[in-house]
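Structure assessment
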Amino acid sequence: MKVFKPGQQFGLQLDIFIGVASAENERKVYGDKKSTGLRLIIHNQTHKILNDEGINIAPGLCTDVVIQKTYSQNLPNPYSNCDDLSSFDSIIFDEIKKSGYAYRYSNCIEYVIQYETITNCNCYNLDLPKFEWISDLNTSQPCLSRNDANCRRNIYNYFNYSKEYLRFCPIECEIMSFDFSISFSHYPSRQFGEILERSSVIQRQFRNENVNITYEKLQESIVCLNVYFDEIKYTSI
């Protein structure tokens, strides 16, 4: 959707049925086995999504996410710590360029960790992007065994304390980022809950799961989300 005006009524407004809440049918947040709800990722369409990017949206609440877009541009070395991408070359950097996505330093780090995992563990990490353009790296098997998991963990621990990835990953001088503020309210109201209980769609979903409709069950089964700009502009730095 295209947005031409600021404010909640002109943004993205969603009431999402995530499934009848029960012990056997929990809609867990992607990548989080302890939470139920949805994962919201705010990003530029030209950027590849990071594995741990985004925020969790809980059922039983109406979540308002107000966005501000910022574009920053710096001069390359020696005037800042960023690099001139036109003169940089590495196998990881080339992989990202060929993928069709815009380059991001944070994406490059994920590729480096994947590269080291494949090279040292002889398997690839299912949580990280796969290599598509380097033939020697796109035929490995996923890391599934206990030994694979230990090897993969050692790679992560190494990069927590090392800056080895800097030789593969330049820091970009042009950065598009999104800042946002979040507010919550209880959802649904008692009055709207009664309307939902009479909905044939909601009734059918609960009947299929053999669960009685109650206000509490509705709260656990529906996510309310509003995403919008407070101003139709972006900040240039």
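Rules and cut-offs
- Residues numbered from 1 in each chain as written.
- Predicted model: local features only at pLDDT ≥ 70, side-chain atom pairs only at ≥ 80, totals over all residues.
- Heavy atoms only, no water.
- Helix = DSSP H or I, 4+ residues; strand = E, 2+ residues; numbered from the N terminus.
- Rg over C-alpha atoms; globule rule 2.2 N^0.38 Å.
- Contact = heavy atoms within 4.5 Å.
- Areas by Shrake-Rupley, 256 points an atom, 1.4 Å probe, with all protein chains shown as cover.
- Axes fitted to C-alpha atoms, helices over the stretch in contact; angles between N-to-C directions.
- Parallel < 35°, antiparallel > 145°, perpendicular 65-115°, else oblique.
- Left-handed = near helix turned anticlockwise from the far one by under 90°.
- Phe/Tyr/Trp six-rings, centres within 6.5 Å; stacked < 30°, edge-to-face > 60°.
- Buried < 20%, exposed > 50% of the residue type's maximum accessible area, 1.4 Å probe, protein only.
- Lys NZ or Arg CZ within 6 Å of the ring centre and 35° of its normal.
- Salt bridge = Lys/Arg side-chain N within 4 Å of Asp/Glu carboxyl O.

Next up on the list: the overall build of the protein. For the protein, the helix and strand inventory stands at six helices and eight strands. Secondary structure elements of the protein, listed N to C terminal, follow the sequence β-β-β-β-α-α-β-β-α-β-α-α-α-β. In terms of overall dimensions, the protein is more spread out than a globule: its C-alpha atoms have a radius of gyration of 22 Å, far above the 18 Å expected for 237 residues. With the C-alpha coordinates aligned to their principal axes, the bounding extent of the protein is approximately 60 × 50 × 30 Å. Intrachain contacts of the protein at a sequence separation of at least 6 include 66% that bridge at least 24 residues. Accessible surface, the protein: about 14,800 Å² in total, of which carbon and sulfur atoms supply 49%.

This paragraph deals with the packing of helix α1 (residues 91–99) against helix α2 (residues 105–121). Any two packed helices are characterised by how steeply their axes cross, that is the angle between the axes, and by the distance between the axes. The geometry of α1 relative to α2 is characterised by a closest axis approach of 10 Å and an angle of 120 degrees between their N-to-C directions. Taken as axis vectors, α1 and α2 run oblique relative to one another. In the packing of α1 onto α2, the handedness of the crossing is right-handed. Contacts between α1 and α2 pair Ile-91, Ile-92, Glu-95 and Ile-96 from the former with Asn-107, Cys-108, Tyr-111, Val-112 and Tyr-115 from the latter.

For the coordinates displayed, the defined rule picks out eight aromatic pairs. Measuring from centroid to centroid gives 6.5 Å for Tyr-115 and Phe-131, while their planes differ by 65 degrees, and the two rings are edge-to-face. Residue Tyr-115 is found in helix α2, and its partner Phe-131 is found in the loop between β5 (123–124) and β6 (141–142); the two are separated by 16 residues along the sequence. For the residue pair Tyr-115 and Phe-131, the accessibility class agrees, reading buried in each case. One aromatic cluster is present, built from ring pairs that chain together Tyr-111, Tyr-115, Phe-131 and Phe-168. Across the ring face of Tyr-124, the terminal group of Lys-130 is positioned such that the distance to the ring centre comes to 4.4 Å. The ring of Tyr-215 carries the charged tip of Arg-190 above its face, separated from the ring centre by 3.8 Å.

Attention now goes to unusual backbone geometry. A cis amide bond, omega 10 degrees, links Asn-77 with the succeeding residue Pro-78. Residue position: Pro-78 is located in the loop between β4 (61–73) and α1. The linkage connecting Tyr-187 with the following residue, Pro-188, adopts the cis geometry, with an omega of -10 degrees. Locating Pro-188 in the fold gives a position in the loop between β7 (174–186) and α4 (190–197). Positive phi, close to 60 degrees, is recorded for Asn-122, a residue that is not glycine.

Take the pattern of salt bridges next. Going through the model one piece at a time under the given rule, you end up with three salt bridges. Note that Arg-104 is salt-bridged to Glu-53, the shortest N-O span being 3.4 Å. Of the two residues, Arg-104 sits in the loop between α1 and α2 while Glu-53 sits in the loop between β2 (38–40) and β3 (55–57), which places them 51 residues apart along the sequence. What makes Arg-104 buried here is its relative accessible area of 11%. Its salt-bridge partner being Glu-220, residue Lys-217 comes within 3.9 Å of it at the nearest N-O pair. One end of the pair is Lys-217 and the other is Glu-220, both in helix α6 (residues 215–221) and three residues apart, which spans about a single turn. Looking at Glu-220, the relative accessible area reads 42%, which means it is partly exposed.

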